[in-house]
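Report on the structure
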Amino acid sequence: MMGFYKGIKVLTGNANRQLARDICEKMGIDLIDCDVKTFSDGEINVEINETVRGCDVFIIQPTHAPVNDYLMELLIMIDACKRASAGRINAVIPYYGYARQDRKTRPREPITAKLVANLLEKAGADRVITMDLHAGQIQGYFDIPVDHLSAIPVLADYFKDKVDENTVVVSPDLGGVTRARNFANRIGAGIAIIEKRRPRPNVSEVMNIIGDIEGKTCILVDDIIDTAGTICQAAKTLKEKGVSKVYGCATHGVLSGPAIERLLESDLELFVITDTIPLPDLPEVREKIKVVTVADLFAKAISIISNNESISKIFD
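Overview of the structure. (Residues numbered from 1 in each chain as written. Predicted model: local features only at pLDDT ≥ 70, side-chain atom pairs only at ≥ 80, totals over all residues. Heavy atoms only, no water.)

Observations regarding unusual backbone geometry
With omega at -5°, the peptide bond leading from Ala-65 into Pro-66 counts as cis. Relative to the helices and strands, Pro-66 resides in the loop between strand E4 (56-60) and helix H2 (67-83). One non-glycine residue, Tyr-98, adopts positive backbone phi at about 70°. Among the structural elements, Tyr-98 can be located in the loop between strand E5 (88-93) and helix H3 (112-123). Residue Asn-308 is not a glycine yet carries a positive backbone phi of 55°. Along the chain, Asn-308 falls in the segment after helix H9 (295-306). (Helix = DSSP H or I, 4+ residues; strand = E, 2+ residues; numbered from the N terminus.)

Take a look at the structure:
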């Protein structure tokens, strides 16, 4: 039974077509025919070439760089489905852009994570499925259901064969302690915490390390890697403190600016990310940066939601 809808329809924009295809392959269905192009002046044009009337529609579209283009694609696809009388419109956003601006820290700052939530609702989204939001409270910015998935099980499974009694999971900041603890519980390791401060955006300074790390193998765990300054500085500091090996992993590889160069030249043995954001297909990158897929996790979530079952079974 698929609720009161006429089956599942999955479509995607231009942000991460490979992930969308992989999700559909896991589900045993095809992406519907949808053209997302631009007019000569840069305006986005969406054409859905088959009916979605009465269907449970899932639009797969992360909003990474160029974030404004991909966000507008998503909003326009939602509007197109609403005007085509879709039964329910589910925005599947593996990477939720603008999530780092989730509160005011200075006068006259915007809260863009809330603004994007408002835009999605106003466009006509009935539900949002996303992964590893930068701040969990962003779920509360929505007045529609939000299913918040985690890539921690996928990342932890990758490292299970690299773990021994000398392995420590390290949070690169105080805000990531819960994430590090969840990761550590899955692989049976202890944790350590790096205390840092940010004098300005995209710049971090290590102040202190809490926990026993000397002679250990450390796995740095984060949610987003943007310019990679934090994780590379953390790896360098850990090596200086006597750590034997340092690995790194994160859900979202934004990898802007000098990020890839920094990772390739860093003290990290290996850096692991998921495919929520596509990685440049360069040989030298693939040697140091490993990609694991979250397609199966999203495929299960879509099937469960469409069948009106409990999403919590994914986390069992």
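There's more to say after this.
Digging into the pairing of E5
Counted residue by residue, E5 has six buried out of six residues, so it is predominantly covered. Residue alternation in E5 divides its side chains into two sets, Arg-88, Asn-90 and Val-92 and Ile-89, Ala-91 and Ile-93, and both sets are buried. Here E4 runs beside E5; their pairing, made up of five bridges, is parallel. Considered in E5, the bridge of Ile-60 is made with Val-92. At this point the chain moves from E4, through H2, to the parallel E5, and the crossover so formed is right-handed. (Buried < 20%, exposed > 50% of the residue type's maximum accessible area, 1.4 Å probe, protein only. Pairing = 2+ DSSP bridges. Right-handed = clockwise from strand over helix to strand, strands pointing away.)

Things to note about the packing of helix H1 (residues 17-27) against H9
Relative to each other, H1 and H9 sit at 60°, their axes nearing to 8 Å. It follows from the interaxial angle that H1 and H9 lie oblique. Of the two elements, H1 crosses H9, and the hand of that crossing is right-handed. Each of Leu-19, Asp-22, Ile-23, Lys-26 and Met-27 in H1 lies in contact with H9, whose residues at this interface are Ala-295, Asp-296, Phe-298, Ala-299, Ile-302 and Ser-303. (Axes fitted to C-alpha atoms, helices over the stretch in contact; angles between N-to-C directions. Parallel < 35°, antiparallel > 145°, perpendicular 65-115°, else oblique. Left-handed = near helix turned anticlockwise from the far one by under 90°. Contact = heavy atoms within 4.5 Å.)

Observations regarding the pattern of salt bridges
What the rule picks out here adds up to 12 salt bridges. Linking Asp-79 and Arg-83 is a salt bridge whose minimum nitrogen-to-oxygen distance equals 2.7 Å. Taken together, the residues Asp-79 and Arg-83, both in helix H2 and four residues apart, mark about one turn of the helix. A relative accessible area of 64% means that Arg-83 is categorised as exposed. Among the ionic pairs, Glu-309 bridges to Lys-313, the shortest N-O distance being 3.1 Å. What makes Lys-313 partly exposed here is its relative accessible area of 43%. Through salt bridges with shared partners, a single network forms among Arg-179, Asp-222 and Asp-223. (Salt bridge = Lys/Arg side-chain N within 4 Å of Asp/Glu carboxyl O.)

Description of the pairing of strand E6 (residues 127-131)
Within E6, five of the five residues are buried, leaving the element largely enclosed by the surrounding structure. With burial as the criterion, each face of E6 is covered, one bearing Arg-127, Ile-129 and Met-131 and the other bearing Val-128 and Thr-130. Relative to E6, E5 runs parallel, the two being bridged by four bridges. For Ala-91, the partnering residue across the bridge sits in E6 and is Val-128. Crossover E5 to E6 through H3 is right-handed.

Some words on the sheet that holds strand E1 (residues 8-12)
Pairing is parallel across the open sheet formed by five strands, whose spatial order is E1-E4-E5-E6-E7. The open sheet terminates on both sides in strands that have one partner only, identified here as E1 and strand E7 (146-149). Averaged over all pairs of adjacent strands, the angle between their axes in this sheet comes to 20°, without regard to strand direction. Where E1 and E4 come together, five bridges link them in parallel fashion. Paired with Ile-8 across the two strands is Asp-56, which belongs to E4. Against the sheet, H1 contacts E1 and E4, and its axis sits at roughly 160° relative to E1.

Concerning the side chain of Ser-171
As for its placement among the helices and strands, Ser-171 is situated in strand E8 (residues 167-171). A distance of 2.5 Å separates a polar atom in the side chain of Ser-171 from the backbone oxygen of Asp-173. If we ignore the near neighbours within four places in the chain, the residues touching Ser-171 are Gly-176, Val-177, Ala-180, Ala-192, Ile-193, Ile-194 and Val-221. (Polar contact = N/O pair within 3.5 Å; in protein donor to acceptor, adjacent residues only side chain to side chain.)

Describing the packing of aromatic side chains
This structure, assessed with the given rule, holds four aromatic pairs. With a centroid separation of 6.1 Å and 70° between ring planes, the pair formed by Tyr-96 and Phe-142 is classed as edge-to-face. Within this pair, whereas Tyr-96 is found in the loop between E5 and H3, its partner Phe-142 is found in the loop between E6 and E7, the two being separated by 46 residues in sequence. Like Phe-142, Tyr-96 is buried. Ring centres of Phe-159 and Tyr-247 lie 5.8 Å apart, and the angle between their planes is 70°; this geometry places the pair in the edge-to-face category. Of this pair, Phe-159 sits in helix H4 (residues 152-159) while Tyr-247 sits in strand E12 (residues 245-253), placing them 88 residues apart in sequence. Using a relative accessible area of 0% as the deciding quantity, one classes Phe-159 as buried. In this structure Tyr-247 comes out as buried when scored by relative accessible area, which is 12%. (Phe/Tyr/Trp six-rings, centres within 6.5 Å; stacked < 30°, edge-to-face > 60°.)

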